[in-house]
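Coordinate inspection notes
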Amino acid sequence: MQKSVWLGLLTGMMILGGCTEAPSPGNTGSFKGSASSAGGCSSAKSCEDLGVRYITGDGVRIDGYRAVRYLERACSMGRGSACNGAAFIYADAEGGVKQDYRKALDYWSRACRLGDQTGCANYDLAQDKLAELRRSR
C-alpha cells in the first residue's frame, strides 16, 4: 500500500509542478524543458519527474532501469523524495530492476538525511523489519 501512495503522491507533485509533456518511448529529450539531447535532465525535479513517468508508465512504456537511473540522479542532486522512490524500486524489484535491499536502505537513509520525512519513516520501517528478521533466526 505504501508504494501506491508514494507513486500517487509523486504523480500528483509532477502534475502540480507543471510537467505536462511525457517523453516519447526511447527519447527522453522530448520531455518539456527538462532533458538534453543526450537523454539527461537539467534539474533534480525534472530528473525525478522522468523517473516517476518511467516507473508509472505515464506516457511511456514502464522501464524500471530508466526510472531508477533518473531517480538516482535526482537523489544525487539533493532531491530526497527521489531517493525514496529509488529505494522503493530496489526494495520491490519494480520494472525489472533486480531486488537489492542494501541499495534500498541506502537510498532511504539518503532521503532521510535530505529531510524527506517519508524516507525517514520508510528507513525506520525497514530497520524494524531487519531487526525482526534477525530475531527470528
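Whatever comes next refers back to the structure up there.
This paragraph deals with the pattern of salt bridges. Inspection of the entire model under this criterion finds five salt bridges. Among the ionic pairs, Asp 49 bridges to Lys 45, the shortest N-O distance being 3.1 Å. Taken together, the residues span about one helical turn, with Asp 49 and Lys 45 both in helix 2 (residues 44-56) at a distance of four residues. Judged by relative accessible area, which is 4%, Asp 49 ranks as buried. Residue Lys 45 is classed as partly exposed on the basis of its relative accessible area, which comes to 26%. Notably, a salt bridge pairs Glu 48 with Arg 79, separated by 2.4 Å at the nearest N-O pair. With Glu 48 in helix 2 and Arg 79 in the loop between helix 3 (64-76) and helix 4 (80-92), this residue pair connects regions lying 31 residues apart in the sequence. Taking relative accessible area as the criterion, Arg 79 reaches 26% and is therefore assigned partly exposed.

Any space left empty among the atoms is revealed by the rolling of a water-sized probe across them. In this model, the largest pocket occupies a volume close to 340 Å³. Lining of the largest pocket is provided by 13 residues; of these, Tyr 101, Trp 108, Leu 125, Ala 126 and Lys 129 occupy positions nearest its centre. For the lining of the largest pocket, the elements supplying multiple residues, two or more each, are helix 4, helix 5 (101-113) and helix 6 (117-136). At six residues, helix 6 tops the list of elements feeding residues into the lining of the largest pocket.

Let us now look at the packing of helix 4 against helix 5. Following both chains from N to C, one finds helix 4 and helix 5 inclined at 165°, their axes separated by 8 Å at the closest point. The orientation of helix 4 relative to helix 5 falls into the category roughly antiparallel. The element helix 4 and its partner helix 5 pack so that their crossing is left-handed. Every residue of helix 5 that contacts helix 4 at Gly 80, Cys 83, Asn 84, Ala 86, Ala 87, Phe 88, Tyr 90 and Ala 91 is listed here: Tyr 101, Lys 103, Ala 104, Tyr 107, Trp 108, Arg 110 and Ala 111. Taken together, the residues that form the contact of helix 4 with helix 5 break down as 11 nonpolar, two polar and two charged.

Right, let's get into the nonpolar core. Counting 27 residues, the largest nonpolar core has Val 68, Ile 89, Tyr 90, Ala 104, Tyr 107 and Trp 108 as the members making the most contacts within it. Residue assignment for this core shows that the elements contributing at least two residues are helix 2, helix 3, helix 4 and helix 5. The element that contributes the greatest number of residues to this core is helix 4, accounting for eight residues. The residues contacting Trp 108, other than those within four sequence positions of it, are Asn 84, Ala 87, Phe 88, Ala 91, Gly 119, Asn 122, Tyr 123 and Ala 126.

Now for helix 2. With 13 residues, helix 2 should reach 18 Å at 1.5 Å per residue; the first-to-last C-alpha distance of 18 Å fits that figure. For helix 2, a buried count of 11 out of 13 residues is recorded, marking the element as mostly surrounded by other parts of the structure. Every buried residue of helix 2 is accounted for by Ala 44, Ser 46, Cys 47, Glu 48, Asp 49, Leu 50, Gly 51, Val 52, Arg 53, Tyr 54 and Ile 55. One or two residues past the end of helix 2 sits Gly 57, with phi positive at roughly 80°.

Between its first and last C-alpha, helix 4 extends 19 Å over 13 residues, near the 18 Å set by a 1.5 Å rise per residue. Counting buried positions over the 13 residues of helix 4 gives 12, a clear majority of the element. Every buried residue belonging to helix 4 is among Gly 80, Ser 81, Ala 82, Cys 83, Asn 84, Gly 85, Ala 86, Ala 87, Phe 88, Ile 89, Tyr 90 and Ala 91, and all of these are buried. Of the residues one or two after helix 4, Ala 93 is the one with positive phi, at around 55°.

Calculation criteria
- Residues numbered from 1 in each chain as written.
- Predicted model: local features only at pLDDT ≥ 70, side-chain atom pairs only at ≥ 80, totals over all residues.
- Heavy atoms only, no water.
- Salt bridge = Lys/Arg side-chain N within 4 Å of Asp/Glu carboxyl O.
- Helix = DSSP H or I, 4+ residues; strand = E, 2+ residues; numbered from the N terminus.
- Buried < 20%, exposed > 50% of the residue type's maximum accessible area, 1.4 Å probe, protein only.
- 1 Å grid on protein atoms, 1.4 Å probe; cavity = no way out; pocket = protein on both sides within 12 Å on 5 of 7 lines; lining within 4 Å.
- Points joined across faces, edges and corners; volume = space filled by probe spheres on them.
- Axes fitted to C-alpha atoms, helices over the stretch in contact; angles between N-to-C directions.
- Parallel < 35°, antiparallel > 145°, perpendicular 65-115°, else oblique.
- Left-handed = near helix turned anticlockwise from the far one by under 90°.
- Contact = heavy atoms within 4.5 Å.
- Nonpolar A, V, L, I, M, F, W, Y, C, P; charged D, E, K, R; others polar.
- Core = buried A, V, L, I, M, F, W, Y, C linked by side-chain atoms within 4.5 Å.
- Expected span 1.5 Å × (residues − 1).

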